[in-house]
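In case you want the letters, here they are:
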Amino acid sequence: MRDVLEPLMSWWAEGKASALATVVATQHSAPRRPGASMLVGPGAEAIGSVSGGCVESAVYDLGQEVLAGTRPLRRRYGVSDADALAVGLTCGGTLDVFVERVDSKTFPQLGEVVETVRAGRPVAVATVIAGPAERLGGRLIVWPDRVAGGTGSGQLDGLLCQDARGLLDAGRTGVLRYGADGRCRSEESEESEAVLEVFVESFAPPPRMLVFGAVDFADAVARTGSFLGYRVTVCDARPVFATAARLPGADEIVVEWPHRYLQAEADAGRIDGRTAICVLTHDHKFDVPLLRVALRLSDVGYIGAMGSRRTHEDRWHRLTEAGLTEAELKRLSSPIGLDLGARTPEETAVSIAAEIIALRRGGSGFRLADRPGPIHLGSGL
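Residues numbered from 1 in each chain as written. Predicted model: local features only at pLDDT ≥ 70, side-chain atom pairs only at ≥ 80, totals over all residues. Heavy atoms only, no water.

Caption draft 1: Geometry of the packing of aromatic side chains. Summed over all chains, the structure comprises 2 aromatic pairs. Geometrically, the ring pair formed by Trp257 and Phe286 is tilted, given 5.1 Å between the ring centres and 40° between the ring planes. Here Trp257 is found in the loop between strand S13 (252-255) and helix H7 (258-267), whereas its partner Phe286 is found in helix H8 (residues 284-294), with 29 residues between them in sequence. Geometry around Phe107 places Arg139 over its ring, the cationic atom sitting 4.0 Å from the centre. (Phe/Tyr/Trp six-rings, centres within 6.5 Å; stacked < 30°, edge-to-face > 60°. Helix = DSSP H or I, 4+ residues; strand = E, 2+ residues; numbered from the N terminus. Lys NZ or Arg CZ within 6 Å of the ring centre and 35° of its normal.)

Caption draft 2: Looking closely at the sheet that holds strand S7 (residues 139-142). Taken in spatial order, the 5 strands line up as S8-S7-S6-S10-S9 in an open sheet, and their pairing is antiparallel. Whereas interior strands pair on both sides, the edge strands pair on one side only; in this sheet they are strand S8 (147-150) and strand S9 (174-178). When the angles between neighbouring strand axes are averaged without regard to direction, this sheet yields 20°. Both strand S6 (residues 123-130) and strand S10 (residues 196-203) contribute to a ladder of 7 bridges, which runs antiparallel. Within S10, the residue paired with Thr127 across the bridge is Phe199. (Pairing = 2+ DSSP bridges. Axes fitted to C-alpha atoms, helices over the stretch in contact; angles between N-to-C directions.)

Caption draft 3: Structural context of the confidence of the model for the chain. Averaged over every residue, the pLDDT of the chain is 87; the share at 70 or more is 89%. Within the model, pLDDT remains below 50 along residues 186-192, and this stretch shows 5 contacts once partners closer than five positions in the same chain are excluded. (pLDDT = per-residue confidence, 0-100. Contact = heavy atoms within 4.5 Å.)

Caption draft 4: Looking closely at the sheet that holds strand S11 (residues 208-212). Ordered in space as S13-S12-S11-S14-S15-S16, the 6 strands form an open sheet in which the pairing is parallel. Of all strands in the sheet, those bounded by a partner on one side alone are S13 and strand S16 (332-333). Bridge count for S11 against strand S14 (residues 276-279) is 4 bridges, and the pairing is parallel. Across the sheet, Met209 pairs through a bridge with Ala276, a residue of S14. Packing of H7 onto the sheet brings it into contact with S11, strand S12 (231-236), S13 and S14, and relative to S11 it is tilted by some 160°. Sheet strands in contact with H8 are S11, S14, strand S15 (302-305) and S16, and its direction is about 165° off that of S14.

Caption draft 5: Structural view of the pattern of salt bridges. Evaluated as defined, the whole model comprises 21 salt bridges. Here Lys16 ties to Glu14 by a salt bridge, and the two come within 3.3 Å at their closest N and O atoms. Assessed through its relative accessible area of 39%, Lys16 is described here as partly exposed. Looking at Glu14, the relative accessible area reads 49%, which means it is partly exposed. (Salt bridge = Lys/Arg side-chain N within 4 Å of Asp/Glu carboxyl O. Buried < 20%, exposed > 50% of the residue type's maximum accessible area, 1.4 Å probe, protein only.)

Caption draft 6: Local environment of the pairing of S15. Every second residue of S15 is oriented toward a common face, with Tyr302 and Gly304 on one face and Ile303 and Ala305 on the other, all of them buried. Of the pairings in the sheet, the one linking S14 to S15 comprises 4 bridges and is parallel in character. Across the sheet, residue Val279 finds its bridge partner in S15, namely Ala305. Where the polypeptide runs from S14 across H8 and back to S15, its parallel neighbour, the crossover connection is right-handed. (Right-handed = clockwise from strand over helix to strand, strands pointing away.)

Caption draft 7: Local environment of the layout of surface pockets. Within this model, the second largest pocket holds a volume of roughly 310 Å³. Taken together, 19 residues line the second largest pocket, and the ones lying closest to its centre are Pro122, Ala204, Pro205, Asp272 and Arg274. When residues of the lining of the second largest pocket are assigned to their parent elements, the largest contribution, 4 residues, is made by helix H5 (residues 154-170). Per-class residue counts for the lining of the second largest pocket are 9 nonpolar, 3 polar and 7 charged. (1 Å grid on protein atoms, 1.4 Å probe; cavity = no way out; pocket = protein on both sides within 12 Å on 5 of 7 lines; lining within 4 Å. Points joined across faces, edges and corners; volume = space filled by probe spheres on them. Nonpolar A, V, L, I, M, F, W, Y, C, P; charged D, E, K, R; others polar.)

Caption draft 8: Inspection of the environment of Val23 at higher detail. Position of Val23 relative to the elements: it lies in strand S1 (residues 18-27). Along the sequence, Val23 and Arg33 sit 10 residues apart, while their C-alpha atoms lie 6.9 Å from each other. Not counting residues up to four positions away in its chain, the partners in contact with Val23 are Arg32, Arg33, Pro34, Gly35, Ala36, Val50, Leu95, Asp96 and Phe199.

Caption draft 9: Spatial organisation of the packing of helix H1 (residues 5-13) against helix H4 (residues 110-118). One can describe the packing of H1 onto H4 by two numbers: an axis separation of 10 Å at closest approach and a directional angle of 145°. In the crossing of H1 with H4, the sense of the turn from one axis to the other is left-handed. Within the contact between the two elements, H1 uses Leu5, Glu6, Leu8, Met9 and Trp12 and H4 uses Leu110, Gly111, Val114, Val117 and Arg118. By residue class, the composition of the contact of H1 with H4 is 7 nonpolar, 1 polar and 2 charged. (Left-handed = near helix turned anticlockwise from the far one by under 90°.)

Caption draft 10: The arrangement of empty space enclosed by the protein in detail. Using the criterion set out here, one finds 2 cavities of 30 Å³ or more in the structure. Here the largest cavity is characterised by a volume of approximately 80 Å³. Lining the largest cavity, in full, are Met1, Leu20, Thr22, Val24, Phe98, Glu100, Val125, Thr127, Ile129, Arg139, Phe199 and Glu201. Among the elements of the structure, S1, strand S5 (94-102), S6 and S10 are those that each provide at least two residues to the lining of the largest cavity. Residues that form the lining of the largest cavity fall into these classes: 7 nonpolar, 2 polar and 3 charged. Each pocket or cavity is described by its volume, and for the second largest cavity that value is around 30 Å³. In this structure, the second largest cavity is lined by Ala19, Leu20, Ala21, Met38, Leu39, Val40, Val59, Gly63 and Val99. Of all elements in the fold, only S1, strand S2 (37-40) and helix H2 (56-67) reach the threshold of two or more residues within the lining of the second largest cavity. A class-by-class count of the residues in the lining of the second largest cavity yields 8 nonpolar, 1 polar and no charged.

Okay, here's the thing in structure tokens:
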């Protein structure tokens, strides 16, 4: 929904209805991830995309049906479906799309949701996408400290609130399945099928990338991190280098000793498992105290440090003398990045980004042309 939030909110505030189509599930090489959305507006406008162009025409027609008064609809498109082939989904994957009417009656909490998202605070929207017809479109809005709305079952709402907060904490979006009357699936017999399916879309603040060292490579790394969806902070203790003129790609520039800044951010709870730390200074008076803090933080997604092999060996020796264990040192990606033969700051930034993606997604870093098997882990394609 994030992709189309502003026009959706504009029509909602004007008292107009629109149809919201959302990808709620995918398999194999589907072109868009769950949460990708498309709007059919009150003036027959089409905004956004659920498949990159493959099935938009068919989804647009569903949107028109919903606006005309049809209940929410769910459709699956994929290579095994003749209709999907007819509309052009030839990428080898499948996607499920849920289409619903959005107006002040069907989604009275939309204004609060948009206000929360704009403020960069977390909120999850849980919508019933499969089950009895009268329950379809039922919605529970979950904040860390409160809820609004409901799915029609108090028991389901209580369990769903806990589950949605778990997804929100992890920044994940996905489908949850429940038995009759909102009972947990573990309480149902093994032979029974889930009666209710609920799509939980998490609106978590963007992940953070902390770039330490306002060196020549810093702005290229900042721009690449921003492109990947990170909120990028560049930190350096030298005010002459840590300037907006030198670092236009950063969202935030901090003049502070790196280890002090990182420790303060960790103490404030602003470091989590999605945070990427890139140490570019390759100067031991900055690196060693900084990495001593970073490598002892349990909730950091990536820690990389720039430097030559000689710099790496010297850094490793100094960190060992500073008391870090072998297990802690193994968390460090040094020298930073994948071996792409990079030379320029931009090429180096790509190699760093590639390593972050590979570690986050479980990729090998090898050329796909040289590696057999499926392209996407966990899929057959």
